[in-house]
Amino acid sequence: MTIDFNKNKDGLVPAIIQDATTKNVLMLGYMNHEAYTLTLETKKVTFFSRTKGRLWTKGEESGNFLNLIAIQSDCDNDTLLISVDPVGPTCHKGTDTCWGQENTKSFGFLTELEKIIENRKAQAEGTATIPEGEKSSYVSSLYKSGINKVAQKVGEEAVEVVIEAMDNNDTLFKEESADLLFHYLILLQAKGFKLQDIVEVLKSRH
């Protein structure tokens, strides 16, 4: 990999730090050739601190090291994307990222859907209020019916998916698959779990 450290007069290139597991961006630092070389040698991310005017290994004082997983250069060879396994919070202010966000795994829309289901479950349990003017939701009513009803719905939707899989109507197959996934997410939370818990099981089998 060729990195153009001479493109800028200060000999520095931006280094974007990304959690190798969650894919969240943790921080932005700068590297010169020496910092880059030391990072490869020690497997702990080292920057050139512009304020301290010296090499600086992240975690050298706090112990919150960034263990190196991989380094990629961009198309112009003047910016680095560094995948890491972080030890503790990354930001010096004690947060997971320098943007104050939690470094948690996100499954995109499915994560947003899980948050909605979680809120509906809380409404069913009386630990969250239903907004004024809003009626009790289908999910809340399903939770109120009990675990047997929730599990039954998953079984019904699974049968529908099997039936549509034997047909040639792709639209119906996708719709029934969406219904199955939706009700499965509801069942997971009814049992006290989230999608990430199942992902961990799959990872352990990999």
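Up top you'll find the structure we're talking about.
Conventions adopted
Residues numbered from 1 in each chain as written. Predicted model: local features only at pLDDT ≥ 70, side-chain atom pairs only at ≥ 80, totals over all residues. Heavy atoms only, no water. Buried < 20%, exposed > 50% of the residue type's maximum accessible area, 1.4 Å probe, protein only. Helix = DSSP H or I, 4+ residues; strand = E, 2+ residues; numbered from the N terminus. Pairing = 2+ DSSP bridges. Patch = residues over 30% accessible without salt bridge, like charges linked within 9 Å, V, L, I, M, F, W, Y side chains within 5 Å. Areas by Shrake-Rupley, 256 points an atom, 1.4 Å probe, with all protein chains shown as cover. Salt bridge = Lys/Arg side-chain N within 4 Å of Asp/Glu carboxyl O. Lys, Arg positive; Asp, Glu negative; His and termini not counted. Contact = heavy atoms within 4.5 Å. 1 Å grid on protein atoms, 1.4 Å probe; cavity = no way out; pocket = protein on both sides within 12 Å on 5 of 7 lines; lining within 4 Å. Points joined across faces, edges and corners; volume = space filled by probe spheres on them. Nonpolar A, V, L, I, M, F, W, Y, C, P; charged D, E, K, R; others polar.

Focus on the pairing of strand 6 (residues 80-86)
With respect to burial, strand 6 is a largely interior element, 5 of its 7 residues being buried. Pairing of strand 1 (residues 13-19) with strand 6 involves 5 bridges; the strand directions are parallel. Bridge pairing links I17 to I82 in strand 6. Across 7 bridges, the pairing between strand 5 (residues 66-73) and strand 6 is antiparallel. Residue A70 lies in a different strand from strand 6, and its bridge partner there is S83. Here strand 5 folds back onto strand 6 in antiparallel fashion, the turn holding 6 residues, of which N77 has a positive phi close to 60 degrees.

A closer look at a nonpolar patch on the surface
Taken together, V25, L28 and W99 make up a surface patch of nonpolar side chains, about 300 Å² in accessible area. Following the sequence through the fold, W99 ends up in the loop between strand 6 and helix 2 (109-125). Relative accessible area serves as the criterion here: at 52%, W99 is assigned to the exposed category.

Description of the side chain of E176
Within the secondary structure layout, E176 lies in helix 5 (residues 170-190). We note that E176 is buried and unpaired, the nearest opposite charge coming from K153 at a distance of 8.5 Å. Excluding anything up to four places from it in sequence, E176 contacts E157, E160, V161 and E164.

Focus: the pattern of salt bridges
The tally for this structure, following the rule as stated, stands at 8 salt bridges. Among the salt bridges present, the one from K115 reaches E112, with a minimum N-O distance of 3.7 Å. Here the residue K115 and the residue E112 both occupy positions in helix 2, the gap between them amounting to 3 residues, near one helical turn. Judged by relative accessible area, which is 48%, K115 ranks as partly exposed. E112 gets classed as partly exposed once you look at its relative accessible area, which sits at 43%. K203 is the salt-bridge partner of E200, the closest N and O atoms lying 3.7 Å from each other. Taken as a pair, E200 and K203 lie in helix 6 (residues 195-205) at a separation of 3 residues, close to a single helical turn.

Digging into the layout of surface pockets
Within this model, the largest pocket holds a volume of roughly 290 Å³. Residue lining of the largest pocket: 15 residues in total, with W56, K58, T90, C91 and H92 positioned closest to the centre. Considering only residue class, the lining of the largest pocket consists of 5 nonpolar, 6 polar and 4 charged. Reported here for the second largest pocket is a volume of approximately 230 Å³.

Function-wise, these values are silent; they only describe arrangement.
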